Amino acid sequence: MAHFKDLNLNTPLFNALDDLGYTTPTPIQEQAFNVVASGKDVVGIAQTGTGKTFAYMLPILKNLKYSTQDNPRVLVLVPTRELVVQVVDEIEKLSKYINNRVLGVYGGTNINTQKQAVAQGLDIIVATPGRLYDLAVSRVLQLKSIQKLVIDEVDIMLDLGFRHQLINIFDILPQRRQNIMFSATMTQDVDLLINDFFKSPERVSIAISGTPLDNISQQRYHVPNFYTKVNLLVHLLNDTEQYNKVLIFVAFKRMADRLFNKLDEFFKEELCVIHSNKTQNYRLRSIEQFRTGENRILIATDVMARGLDIDNVSHVINFDTPDFPENYMHRIGRTGRAERKGEALVFSTEKEQEAIANIEGLMKMTIPVLELPETVEISTELIEEERPQIKERNNPHKRRDEDAPGPAFHEKSEKNSKENLGGSYKFKIAAKYKKPKTRGDKNYNKRNKRK
Ligand code: AMP
């Protein structure tokens, strides 16, 4: 087993860890140390609780030389204020024998107090994106000395809609810097951000076990489209005895809402949903109602369902097939907990077959396919994303120009239409709005008022 002595730490860090009673690095700490220390861009996949904060902070602190300059050299961005507090706390634990200045800033509190704190000078700033940007724009906070940018919990950050804020921040950071990013799950959004802004990053991750638990039975349905998936789901959920606590996964919040609206017609009292556009209170209530059994069915996105610890889930239903096989493993692991039996189902369309192949590849097994029950109606209706997109230049089926509906289907009313009125504008307007023809025409005004 590895020991912190085996990592190339310095004495102050080693002693701080020793005081905390930590002797063994966690797997992500062991893997990330040299990569982060090398100065290359890094993408780490690890969940909270795996020791990921130390995984990036140990090498950063080791290489951070003592300095008296005021501008921070390390920026850590996190999605929530709770996380700001937590990360600052972790850094302080490690800094027991190091002379450094750490500051946490987040929105919803007095910015002036934070400006004063920034003006005192600092080495490391931990922040939520919005507040960081405000401080930078106010020029109190200078980012020109940032050498290392850490973005923690990127998946949550993007799910909460912070992409633009992140890009704005990238714009005002020095070009030459090390980017370090940690995410608990891989999502398409995370992948896109990496491709757009990272320079061939090294990836470190705790290998997710591709071996599913024996007590989870897995099966899949081959389903042509969204509405047929809904029909199948309704058919299955009608069996309230078997399907007594059902967690349904979808990849996007839009899809979660769409599915919720459809299922609401059938299972109104038994249904709840969680995704990042719902308020914290709404989410907590939904989870509680599902946990206690008040609601039988919960629809969730990958990111929001993370950290959910709910027992006795009878079925996990993958309404879509996850693009990243790791997400499939996380999803099905929500059932079959505490050695109870659990069932996992996955619905996949033709388009999703490649994703199925990747999942089966990771698990080194095939998921048995079930026949669609005969009573399930095959729908031919397609949702927007499923309709073929016509991109060809010379498509014979494309509508000819003269058939095009044109910019508007009705003539504008005379009052709302615009025309170039040139010099006679004043009079035309007056006629249009039936205003007095001349300013001083009192009799005209009186006449019209009385009407
Ligand atoms: P994190 O995943 O960064 O949220 O860390 C989870 C918790 O594990 C924190 O309270 C850390 O202080 C603690 N921790 C971090 N590294 C270790 C370690 N090597 N051994 C024991 N606990 C650790």
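Residues numbered from 1 in each chain as written. Predicted model: local features only at pLDDT ≥ 70, side-chain atom pairs only at ≥ 80, totals over all residues. Heavy atoms only, no water.

Draft legend 1. Structural view of the sheet that holds strand S4 (residues 124–127). Pairing within the open sheet is parallel, and its seven strands lie in the order S3-S4-S2-S5-S6-S1-S7. Only two strands of the sheet have a single partner each, and these edge strands are strand S3 (102–105) and strand S7 (202–205). Put simply, the sheet's adjacent strands are angled 15° from each other on average, direction ignored. Bridge analysis of strand S5 (residues 148–151) against strand S6 (residues 178–183) gives four bridges, and the strand direction is parallel. Across the sheet, Leu149 pairs through a bridge with Asn179, a residue of S6. Docked against the sheet, helix H9 (residues 188–197) engages strand S1 (42–45), S6 and S7, running at close to 175° with respect to S6. (Pairing = 2+ DSSP bridges. Helix = DSSP H or I, 4+ residues; strand = E, 2+ residues; numbered from the N terminus. Axes fitted to C-alpha atoms, helices over the stretch in contact; angles between N-to-C directions. Contact = heavy atoms within 4.5 Å.)

Draft legend 2. View of the site of the ligand. In the vicinity of the ligand there are 16 residues, among which Thr24, Gln29, Gly49, Gly51 and Thr53 approach most closely. Between an oxygen atom of the ligand and a side-chain N or O atom of Tyr22, the distance comes to 3.0 Å. Surface burial for the ligand is 77%, taken as the share of its 500 Å² of free accessible area covered by protein chains. Counting only elements with at least two residues in the shell around the ligand, the list comes to helix H3 (52–63) and helix H4 (81–94). Tallied by class, the residues present in the shell around the ligand amount to four nonpolar, nine polar and three charged. (Near = heavy atom within 4 Å. Polar contact = N/O pair within 3.5 Å; in protein donor to acceptor, adjacent residues only side chain to side chain. Areas by Shrake-Rupley, 256 points an atom, 1.4 Å probe, with all protein chains shown as cover. Nonpolar A, V, L, I, M, F, W, Y, C, P; charged D, E, K, R; others polar.)

Draft legend 3. Region of interest: the sheet that holds strand S13 (residues 342–348). Read across the open sheet, the seven strands follow the order S10-S11-S9-S12-S13-S8-S14; overall the sheet is parallel. Both edges of this open sheet fall to strand S10 (271–274) and strand S14 (369–370), since each of them pairs with a single strand only. The sheet contact formed by S10 and strand S11 (residues 297–301) spans four bridges and is parallel. Considered in S11, the bridge of Cys272 is made with Leu298. Helix H14 (residues 325–332) rests against strand S8 (216–222), strand S9 (246–250), strand S12 (315–318) and S13 of the sheet, and its axis sits at about 155° to S12.

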